[in-house]
Amino acid sequence: MTVEQAPPDAAATRPGPRAAPDAPDAVQTLARWTLRPGVAVTELPDGVHLRGWITGVTLEGGPGLRVLWSRLAETLTAGSALAADRSARLARSAPAGSPVRAALLTVISRLHEHHLLVERADLAEQPDGTAGKTSGPWLGAVADRPATAAAALGRSRARVIAADPEGPLARSAARALEGAGLRAEVVAGAASADGGVLLTATGGGQQDRGEPAVAVGLRSGIGFVTPVGSVAQARADADALAGRLRGREAPGPPEQAGLPALLASSAAHRLVCAVAGLRDPSAEADDARLVPGVPTVLVAEREPLRGEYRNWAGPVLVDADRARPAPAVRTLTEALARIPVLTDRLVGVLDAPDPGTLPQLPVALVRCEVADGVLLAGSARADLARLEAVCRAAELRLGEAGEGRPVVGAGPEHARGRALRRTAVGRDAVPVSWGPRPGRCPQALHWWAVLVRRLGVDADVAVARLGASVFRARVRERTTGHLLGTAVEASADDAVAYAALSAAVGARAAVELPGVRHLVTPGGASAVLARGADTAPWEDAGWTTAWLAASAEREPELQQALTARAAPAGQAPRPWEPSADAPADVHALWSALQQCGFSVLSVPPGPAEHRGDTGGLR
């Protein structure tokens, strides 16, 4: 919105609590504020552009806006002695309720929204009178309360613990800490079982969180910086990261100065921010790839020299904030955002599903590597296929512990739906007539047409009612009777749609990757993640998103009916976790799933009649 478009009461319509009628407005209190150190101002033909440390704003509104800005700047850039007088003069020249006053309030509001103003009192010397180093103007550029942050740094002392106190990591970390205003001492000691450097701080007034620490590891061609945590947590993360990155070491000449300096300065940056109460550096760029609430590590590589923050779901959780249960995944967007955490190429626990050169029509296909070969998954869309692939790949890895049949889902409802469909057997099945007639569900008609017309599969479908709100569809080759696809859903149309879709995935898999070790076909359990999804006005049940949303409304009744069938036979899903003597990688994967909001359930082996009919898992 330009300034000229601001309504006269723009200040009153801003989000947040409304001020009392007689309370001073932002123009009257402007003397309390000043531009943050380092803010650059560029005048434009019809406005002005301001750029701060990581934010910026362009204000445009006509030729008069430059004059308006110059009046504001006189107060914002003046010293404390002159600011009060200039603010009072500005308020008198723009009476309350006038268009000029509304424009001034709008501009000031935008400056606050983009964190380009700071209170003058917070730029003062340390309020407790501590005689120590000032940290320079950088705190004024980034901190909400620079004086408070400077005081915390002045009270704190840092230690750099290294097996080699004269090594490049230790020396670079100490220099970076000193440069930021945090006094540092280098001491000899073991930072972690794998070597490296440990940075700790004391005296910052954060006794509730203990002594903050950050660990740095450096191997051949690659290194890392752990999240801020307790000393025990930082060491545990360092040991786990060193093991995770061991296979990524790059042979080459001795380390150059660039990589140690990058790692040491990044570790110092994280520790200084923790002590001063600033945002962690990983949050500065608002990287949409990073999942909020999941810790981040910095991984740096030598060729080419670069560092990047990545989400880290470490296997050892020591600190209370790390061990706290993560919120369960509730939407497809949340599930898809957490898949890269599990499949990160450097610090993940699973191989990333990737379409590569696989065709995406008429069905979407993705593939990934698992312990004993290749896993191929398919669905109506690539994002749904990726979710199916990750869940099944995790099940195969967890199944190596030999304890039950783990079922993985993106949240408890998704996991329960996947598990219950595997318990649905055919006892008391009542045949139901189904044919591709007009008036049927558009998705059922579409996937049946894809299978028999586009792919040319001579198939037949048999539908049976297993109980109230429980229908099973089986698609078989007409001549041989070979089972091509099966599904258990809340309606006959949904069951046929998923069974035909599964058969279509199998048909394309036989062409693209014949003899693939693991084939994963879709089921309706993932529909619950689309509940409440936004749809365009023209999207009806013939569109995948609308179809999933409609299926999600039927899912609770289906799960209730399947639970009633499974419980008497002792087949109801229950929580699953690995035993203490399970392999370390199984524990690591289970922990990562929990931290990402995924759920793991277990179902006992079903009757022999049903073992080969599990929704397409092969």
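## So, the overall build of the chain
Counting its secondary structure elements, the chain contains 16 helices and 22 strands. Within the chain, the proportion of its 618 residues that are buried is 51%. Sequence-distant contacts in the chain: of pairs separated by 6 or more residues, those separated by 24 or more amount to 65%.

## With respect to the pattern of salt bridges
Counted under the stated rule, the structure contains 28 salt bridges. Glu119 is paired through a salt bridge with Arg32; the nearest N and O atoms lie 3.1 Å apart. Here Glu119 is found in strand β5 (residues 117-119), whereas its partner Arg32 is found in the segment before β1 (33-35), with 87 residues between them in sequence. Overlapping salt bridges bring together Asp287, Arg289, Glu308, Arg310 and Asp344 as one network.

## Digging into the confidence of the model for the chain
The predicted model of the chain averages 83 in pLDDT, with 87% of residues at 70 or higher. Predicted confidence is poor over residues 1-20, with pLDDT under 50, and the contacts of this stretch with residues over four places away or in other chains come to 21 contacts.

## A word on the sheet that holds strand β11 (residues 296-301)
Read across the sheet, seven strands follow the order β7-β6-β8-β9-β10-β11-β12 without closing on themselves; strand pairing throughout is mixed. Strands with a single pairing partner mark the edges of an open sheet, and in this sheet they are β7 (183-188) and β12 (306-311). On average, each strand axis in the sheet is inclined to that of its neighbour by 20 degrees, with strand direction left out of account.

## What about helix α3 (residues 99-113)?
Relative to the 21 Å expected for 15 residues at 1.5 Å per residue, α3 spans 21 Å between its end C-alpha atoms, a close match to the ideal helical length. Buried residues dominate α3, accounting for 11 of its 15 residues. Inspection of α3 places Arg101, Ala102, Ala103, Leu104, Leu105, Thr106, Val107, Ile108, Ser109, Arg110 and Leu111 among the buried residues, and these make up the whole buried set. Elements in contact with the buried residues of α3: β3 (47-51), β4 (56-60), α1 (64-76), α2 (80-93) and β5.

## Concerning the pairing of strand β22 (residues 599-603)
Most of β22 is tucked away, with five of its five residues classed as buried. Pairing analysis gives five bridges linking strand β15 (residues 405-409) to β22, with the strands arranged antiparallel. Directly across from Arg405, in β22, lies its bridge partner Val603.

## A look at the packing of helix α12 (residues 412-423) against helix α15 (residues 544-566)
Direction vectors running N to C along α12 and α15 enclose 50 degrees, while the axes themselves pass 10 Å from each other. Judged on the interaxial angle alone, α15 and α12 are oblique. Here α12 runs over α15; the crossing is left-handed. Across the interface between the two elements, Glu413, Arg416, Gly417, Leu420, Arg421 and Thr423 of α12 pack against Glu555, Pro556, Leu558, Gln559, Leu562, Thr563 and Ala566 of α15. Residue classes in the contact of α12 with α15 are distributed as five nonpolar, four polar and four charged.

## Quick notes on the nonpolar core
By size, the foremost hydrophobic cluster in this structure holds 69 residues, and its most contacted members are Leu387, Val475, Leu593 and Phe598. Residues in contact with Val475, not counting those within four places in the same chain, are Trp448, Leu451, Ala459, Asp460, Val461, His482, Leu483, Leu484, Gly485, Ala499, Ala500 and Ala503.

## Quick word on α2
Owing to its 3.6 residues per turn, the α-helix aligns residues three or four sequence positions apart on the same side. Relative to the 20 Å expected for 14 residues at 1.5 Å per residue, α2 spans 21 Å between its end C-alpha atoms, a close match to the ideal helical length. The set of residues buried in α2 consists of Ala83, Ser87, Leu90 and Ala91. The buried side chains of α2 occupy one side of the element, clustering within an arc of 95 degrees when seen end-on. Projecting away from the buried face of α2 at angles above 90 degrees are the exposed residues Ala81 and Arg92. Next to the buried residues of α2 lie α1 and α3.

## Details of the side chain of Arg270
As for its placement among the helices and strands, Arg270 is situated in helix α8 (residues 258-276). For Arg270, the side chain forms a polar contact with the side chain of Asp280, separated by 2.9 Å. In this structure, Arg270 is in contact with Val214, Val225, Thr226, Pro227, Val228, Asp280, Pro281, Ser282, Thr296, Val297, Leu298 and Tyr309, ignoring residues within four places of it in sequence.

## What to know about unusual backbone geometry
Cis peptide bonds are those with omega within 30 degrees of zero, and the linkage from Glu303 to Pro304 qualifies with -15 degrees. Here Leu361 and Pro362 are connected by a cis peptide whose omega angle stands at 5 degrees. With respect to the secondary-structure elements, Pro362 resides in the loop between α10 (332-343) and β13 (364-370). Despite not being glycine, His115 has its phi angle at roughly 55 degrees, a positive value. Looking at where His115 falls in the secondary structure, it is placed in the loop between α3 and β5. Phi at Ser469 takes a positive value of approximately 65 degrees, unusual for a residue other than glycine. Within the secondary structure layout, Ser469 lies in the loop between β17 (459-467) and β18 (470-477). With a relative accessible area of 16%, Ser469 lands in the buried category.

## A short note on the sheet that holds β13
The mixed open sheet is built from three strands, whose spatial order is β13-β14-β20. On the outer flanks of this sheet lie β13 and β20 (518-520), each paired with one strand and no other. If you compare each strand with its neighbour and ignore which way they point, the axes differ by 20 degrees on average. Where β13 lies against strand β14 (residues 373-379), seven bridges are found, and the strand directions are antiparallel. By the bridge assignment for β14, Val366 is matched with Ala377. Packing against the sheet, helix α11 (residues 382-398) makes contact with β13, β14 and β20, and its axis sits at approximately 140 degrees to β14.

## Some words on the environment of Val67
Looking at where Val67 falls in the secondary structure, it is placed in helix α1. The class of Val67 is exposed, set by a relative accessible area of 53%. Sequence separation of Val67 and Gly47 is 20 residues, and the distance between their C-alpha atoms is 9.0 Å.

## Brief notes about the packing of α10 against α11
Between α10 and α11, the least distance of the axes is 10 Å, while the angle of their chain directions is 55 degrees. Relative to α11, the element α10 is oriented oblique. α11 is crossed by α10, and the crossing has left-handed handedness. Note on element contacts: α11 touches α10 through Asp383, Leu384, Arg386, Leu387 and Val390, opposite Leu332, Ala335, Leu336, Ile339, Pro340, Leu342 and Thr343.

## Notes on the environment of Cys596
Assignment of secondary structure puts Cys596 in the loop between α16 (584-595) and β22. Setting aside residues no more than four positions away along its own chain, Cys596 makes contact with Val329, Arg338, Val341 and Leu342.

Rules behind the numbers
- Residues numbered from 1 in each chain as written.
- Predicted model: local features only at pLDDT ≥ 70, side-chain atom pairs only at ≥ 80, totals over all residues.
- Heavy atoms only, no water.
- Helix = DSSP H or I, 4+ residues; strand = E, 2+ residues; numbered from the N terminus.
- Buried < 20%, exposed > 50% of the residue type's maximum accessible area, 1.4 Å probe, protein only.
- Contact = heavy atoms within 4.5 Å.
- Salt bridge = Lys/Arg side-chain N within 4 Å of Asp/Glu carboxyl O.
- pLDDT = per-residue confidence, 0-100.
- Pairing = 2+ DSSP bridges.
- Axes fitted to C-alpha atoms, helices over the stretch in contact; angles between N-to-C directions.
- Expected span 1.5 Å × (residues − 1).
- Parallel < 35°, antiparallel > 145°, perpendicular 65-115°, else oblique.
- Left-handed = near helix turned anticlockwise from the far one by under 90°.
- Nonpolar A, V, L, I, M, F, W, Y, C, P; charged D, E, K, R; others polar.
- Core = buried A, V, L, I, M, F, W, Y, C linked by side-chain atoms within 4.5 Å.
- Arc of directions from axis to C-beta.
- Polar contact = N/O pair within 3.5 Å; in protein donor to acceptor, adjacent residues only side chain to side chain.

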